Amino acid sequence: MTNSQHDILTAVYLEQRPALLRFLCARLRNPERAEDVLQDVYLKLTRSNLPASIDNPSGFLFRMAANLALDHIRKNKRARLRDQAWSDLNNEKSGNQYQMDTPHADDALIAKQRLLALKTRLQTLSPKAREAFERHKFDGQSYQQVADTMGITIGTVGKHLGKAIKHIMAVDIEYKNNE
Amino acid sequence: MSKNIAISEPILAQARTWYVRMGDEQAGGDDWALFTAWLEENPVNVDAYDQVEMALADVASVVEAQENITQNNENNENNENNVVQLIAKPKKPPKIIWGRLASIAALFIATLTVFYINNQFQPASVQTYATNVGGHEEIVLKDGTRINLNTNTQISVAINDRTRIVTLKGGEAFFDIAKDEKRPFIVNAMDTKITDIGTSFSVYATDVALMVSVADGIVDIHNNSQTTRLLKGQEAVQMLGFDDIAVRAVDIENISTWRDGVLVFDNVALSTIVPELNRYFKIPISLKDEVVANLTFSGVINISDQNTMLGSMEALLPIKSDFANGQILLYHKN
């Protein structure tokens, strides 16, 4: 990245900082974590290899913030699962030492079944929705690129994606009773 | 966690719409400000958005794992026999050209260190074994240990005077370990290490989880964050990408029944059973819709022949099968 591009992004970052912080507070529901993630955005901006040209610098910064926030949420979720496993284990020891069939064990099996069901979900998507979804989500194509390759409008791309996401998420309705 | 909360469909629909809208690279500062306002409007909106993000993140990991499996399948298709034995060439010491850049020398030192640690200072010959889709083989090691390889499985075995190390690269294997207190038996699978104290157990690396089931004796499972001891009749599950190990009871009779050409299910949905069956056959089975995906089955399925298997499933469940476009489609009779 050239210096001038870096300067542009830094300038946009400084200009958008309050809006980015507000977004992160809303997304993470925690001002402290929001500050942490915003700090990560800045560090990433100065350190990582950014694309050669960025058409939409403020959109780029918000997306980066959203992705880092998601990483943060997932990391926290894992830590919570670990704590829960630890307390489950301790509760067992104080009770019956051989009672190992914990709710946590069932959770992991349900999670496994859920992932297998997700796979089936992907396979049962309608072909157009699946193509749009895979092109965007797995091949990293932009909406414009998906629209161009499939010969459809950006609006239709959005409709396909919405449909795909709804179909995929229906898996959680199947498993809601178990959780 | 947000997943436990039932969120109404209208709010989920809004969350999906925002997800699609914010996924567009053209979305600018104004769009993000509107999105922020929606998140601030109601905590349930944030929960709904979390659900969308989590579901899609999980899909990404399923697909990544799927791609790895497909690659393995392609590699295996070139092999004519079910068991392929490759004898790895002993690694030659790298030729060091003196006077090269210090960074390259440092790289060699790192490589050599890893090489010697892995081999406990005794270069051992490494043997690799693999089965094709539908294959099943038994290997007997020099120490008397028996390893049964299930369909589409790849392992490598390194034995020297101090250790016995098996690496499960993919698939499922049942181990009946010959007792040798001086040489621990270690199975590496994903990032997890399973050590054994003279016993028999199965290790199954699916595309989403690692499962270890103990038929006899005791095994220890170590990963980055914890060690878990498994006793006879226990099964451990570790999800791919997570360090948590969950333990539950398992019926010893039902461990690795594939060795006898059958699979046993107890009230399991077809959406879970079918991916399991597809491990054994080249022609994939798919489910037509949710109705058939949600049917549950209890009992024994014979996996020695796909046609026979489908015939008995049609007899036991209200389903029919059709072959078209290189795959078998299962659908509800009505």
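For the structure, check the block above.
**Observations concerning the pairing of strand S13 (residues 234–239) of chain B**
Residues and elements named next belong to chain B.
Reasoning step 1: Among the 6 residues of S13, 6 are classified as buried, and the element is accordingly described as predominantly covered.
Reasoning step 2: By the alternation rule, side chains of S13 split into Gln234, Ala236 and Gln238 and Glu235, Val237 and Met239, which are all buried.
Reasoning step 3: Judged from the 5 bridges that link them, strand S10 (residues 209–216) and S13 form a sheet pairing that is antiparallel. Directly across from Ala209, in S13, lies its bridge partner Met239.
Reasoning step 4: Where S13 folds back onto strand S14 (residues 245–249) in an antiparallel hairpin, the turn is made up of 5 residues, including Gly241, whose phi is positive at roughly 85°.

**Quick notes on the packing of aromatic side chains**
Residues and elements named next belong to chain B.
Reasoning step 1: Applying the stated criterion across every chain, the model contains 14 aromatic pairs over all chains.
Reasoning step 2: Plain terms: the ring middles of Trp18 and Phe35 are 5.5 Å apart, the flat faces sit at 35° to each other, and that makes the pair tilted. Of this pair, Trp18 sits in helix H1 (residues 9–23) while Phe35 sits in helix H2 (residues 29–41), placing them 17 residues apart in sequence.
Reasoning step 3: Take Trp18: its relative accessible area is 13%, and that puts it in the buried class.
Reasoning step 4: For Phe35, a relative accessible area of 0% translates into the label buried.
Reasoning step 5: Taking the ring centre of Phe174 as reference, the NZ or CZ of Arg259 above it sits at 3.6 Å.

**Brief notes about the nonpolar core**
Reasoning step 1: Among the nonpolar cores identified, the biggest contains 61 residues, and Phe23(A), Leu24(A), Phe133(A) and Phe35(B) are the most heavily contacted of them.
Reasoning step 2: Beyond its immediate chain neighbours, meaning those up to four positions away, Phe133(A) contacts Leu122(A), Phe138(A), Leu161(A), Ala164(A), Ile165(A), Ile168(A), Leu56(B) and Val59(B).

Cut-offs used in this document
Residues numbered from 1 in each chain as written. Chains lettered and ligands numbered in written order. Predicted model: local features only at pLDDT ≥ 70, side-chain atom pairs only at ≥ 80, totals over all residues. Heavy atoms only, no water. Buried < 20%, exposed > 50% of the residue type's maximum accessible area, 1.4 Å probe, protein only. Helix = DSSP H or I, 4+ residues; strand = E, 2+ residues; numbered from the N terminus. Pairing = 2+ DSSP bridges. Phe/Tyr/Trp six-rings, centres within 6.5 Å; stacked < 30°, edge-to-face > 60°. Lys NZ or Arg CZ within 6 Å of the ring centre and 35° of its normal. Core = buried A, V, L, I, M, F, W, Y, C linked by side-chain atoms within 4.5 Å. Contact = heavy atoms within 4.5 Å.

No statement about biological role is implied by the geometric values presented.
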